[in-house]
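This is what each chain is made of:
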Amino acid sequence: MTGARLRTIVLATDGSEDARLARRAVADLAAADGAEVHVVGAWDLATPAYIPGYEVDSGTVSALEEAVREVVEEERHALAAGGVAAAGHVELGRPADVILDLVTRVGADLTVLGSRGHGLVARLVLGSVSEKVVAAAHAPVLVMRGGDAAWPPPRIVVGFDGSREAMLAARVAAAVGRGARAPVTLLRVVHDDAEGGGDPRRLTFGDVVEGRRGRMERYARRLGARGGPIVHASLTTGDPAAALLTAAGDEPPGLVAVGRRGIGRIRHALLGSVSIKVLHAAPGPVLVAPWTPTTAAAGPGRRASL
């Protein structure tokens, strides 16, 4: 697979600072690939009922819908000013459900949203939905955070373990790297005694290095082909999440891309997973890629063309 392209992007917005950062990212990525963009804002009647002084009546409903519509239109106009046309969607429902439904309807290759909602609409109806979207999405999700310095990222680091999730993360990271004009590093983290422990029958660190480096370097060259970003391959030892965060840096923060493992219905039993640690601890953007029956069925075209 070479020449990864983003064809359809969903931007979920709530008017917060992180959401505006997400829009900047979408503008660059869509311009680089000519991607179709959909901007979505959601409003939920349940939340205002718990805010003192709020009564869910026709006036409240109308005001909430209008507030979300204004945010969506503002983002669409900002994108249009940069030459990127976008369709707008304003829908009633739980934000994560609304976002995920739209992603499925339009066949999005990538969903981009802010890490935390702090805007006017967020305080009233949205809150933080990024982890819910990451947990259930059937396509990669880019969670934006880190302030103005976080986009474009100075570097992109992909946690690469040879899994299907990691390979999808690498392909999407290459597309993001092209749009952001950022170099990409495929980083594999192994134990120095063996990949699985001290059993002498297992691979030694030297075996792992020799056996994996060549394949990683070939894959890196393929990702960087046909006008892609500069892609490097690297191996190191230590804790995987810590190694990825260290490689990405924090002044300014780089983007970390990982495969989604341990995020879902049983995520509370798997809080030690690399994806959860990175999603919670990274100071900058995080790209999480799932491997689900939907992405698998897409094959080498459409969504899996990334």
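Residues numbered from 1 in each chain as written. Predicted model: local features only at pLDDT ≥ 70, side-chain atom pairs only at ≥ 80, totals over all residues. Heavy atoms only, no water.

**Thoughts on the packing of helix α1 (residues 17-33) against helix α6 (residues 164-180)**
How two helices sit against one another is set out by the angle between their axes and by the gap between those axes.
Next, step 1: Two elements in contact, α1 and α6, have axes separated by 8 Å at closest approach and are oriented at 95°. Considered as vectors, α1 and α6 are oriented roughly perpendicular to each other. Here α1 contributes Asp28, Leu29, Ala32 and Asp33 to the contact with α6, which in turn contributes Ala175, Val176, Arg178, Gly179 and Ala180.
Next, step 2: Along the lines of polarity and charge, the residues of the contact of α1 with α6 split into five nonpolar, one polar and three charged. (Axes fitted to C-alpha atoms, helices over the stretch in contact; angles between N-to-C directions. Helix = DSSP H or I, 4+ residues; strand = E, 2+ residues; numbered from the N terminus. Parallel < 35°, antiparallel > 145°, perpendicular 65-115°, else oblique. Contact = heavy atoms within 4.5 Å. Nonpolar A, V, L, I, M, F, W, Y, C, P; charged D, E, K, R; others polar.)

**Digging into the confidence of the model for the protein**
Next, step 1: Within the protein, residue pLDDT values average 81, and 73% of them lie at 70 or more.
Next, step 2: Confidence scores differ between elements of the protein, with helix α4 (residues 120-126) showing the lowest mean pLDDT of 42 and strand β1 (residues 8-12) the highest of 97.
Next, step 3: This model gives residues 297-306 a pLDDT under 50, and the stretch forms 30 contacts once residues within four places in sequence are excluded. (pLDDT = per-residue confidence, 0-100.)

**A short note on the pairing of strand β9 (residues 255-259)**
Next, step 1: Summarising burial for β9: five of the five residues are buried, a large majority.
Next, step 2: In β9, alternate side chains face the same way, and those of Leu255, Ala257 and Gly259 on one face and Val256 and Val258 on the other are all buried.
Next, step 3: Bridge analysis of strand β6 (residues 156-159) against β9 gives three bridges, and the strand direction is parallel. Within β9, the position partnered with Ile156 by the bridge is Leu255.
Next, step 4: As defined by bridge partners, β9 adjoins strand β10 (residues 286-289) across four bridges and the pair is classed as parallel. Bridge pairing in β10 links Val258 to Val288. (Buried < 20%, exposed > 50% of the residue type's maximum accessible area, 1.4 Å probe, protein only. Pairing = 2+ DSSP bridges.)

**Some details on helix α9 (residues 274-281)**
Next, step 1: Along α9, the residues that are buried comprise Ser275, Ile276, Val278 and Leu279. An end-on view of α9 places all buried positions within 165° of arc, on one side of the element.
Next, step 2: Here the buried face of α9 lies against α5 (130-136), β5 (141-144), α8 (240-248), β9 and β10. (Arc of directions from axis to C-beta.)

**Let's talk about the pairing of strand β2 (residues 36-43)**
It is a general feature of regular strands that their side chains alternate between the two faces of the sheet.
Next, step 1: Most of β2 sits out of view: seven of its eight residues are buried.
Next, step 2: Across five bridges, the pairing between β1 and β2 is parallel. Across the sheet, Ala12 pairs through a bridge with Val40, a residue of β2.
Next, step 3: Of the crossover connections in this fold, the one passing from β1 over α1 to the parallel β2 is right-handed.
Next, step 4: Inspection of the sheet shows β2 paired to strand β3 (residues 86-92) by seven bridges, in the parallel sense. Among the inter-strand pairings, Gly41 is bridged to a residue of β3, identified as Val90. (Right-handed = clockwise from strand over helix to strand, strands pointing away.)

**Re the packing of α8 against α9**
Next, step 1: Direction vectors running N to C along α8 and α9 enclose 40°, while the axes themselves pass 9 Å from each other. Comparing the axis directions of α8 and α9 gives the class oblique. In this structure, α8 crosses over α9, and the sense of that crossing is right-handed. Contacts from Pro240, Ala241, Leu244 and Leu245 in α8 reach Val274, Lys277, Val278 and Ala281 in α9. (Left-handed = near helix turned anticlockwise from the far one by under 90°.)

**Looking at the environment of Asp109**
Next, step 1: Tracing the backbone through its elements, the reader meets Asp109 in the loop between α3 (95-106) and β4 (110-114).
Next, step 2: Owing to a relative accessible area of 0%, Asp109 belongs among the buried residues under this scheme.
Next, step 3: Here the alpha-carbon distance between Asp109 and Pro140, two residues 31 residues apart in the chain, equals 6.8 Å.
Next, step 4: Here the side chain of Asp109 touches Arg7 through a polar contact of 2.6 Å, landing on its backbone nitrogen. (Polar contact = N/O pair within 3.5 Å; in protein donor to acceptor, adjacent residues only side chain to side chain.)

**Description of the sheet that holds β5**
Next, step 1: Spatially, β3-β2-β1-β4-β5-β10-β9-β6-β7-β8 is the arrangement adopted by the ten strands of the open sheet, whose pairing is mixed. Each edge of the sheet is formed by a strand with only one pairing partner; in this case those strands are β3 and β8 (231-237). Here the strands of the sheet are splayed against their neighbours by 20° on average, with no regard to which way each runs.
Next, step 2: Two elements, β1 and β4, share four bridges in a ladder whose sense is parallel. Residue pairing in the sheet places Ile9 in a bridge with Leu110 of β4.

**Re the pattern of salt bridges**
Oppositely charged side chains can pair when the atoms bearing their charge come close.
Next, step 1: Scanning all chains against the criterion turns up nine salt bridges.
Next, step 2: Put simply, Asp33 and Arg178 hold a salt bridge, and the shortest N to O gap is 2.5 Å. Taken together, the positions of Asp33 in helix α1 and Arg178 in helix α6 put the pair 145 residues apart, joining distant regions of the chain. Of the two residues examined, Asp33 and Arg178, each falls in the buried class.
Next, step 3: One continuous salt-bridge network, built from bridges that share partners, spans Arg5, Asp33 and Arg178. (Salt bridge = Lys/Arg side-chain N within 4 Å of Asp/Glu carboxyl O.)

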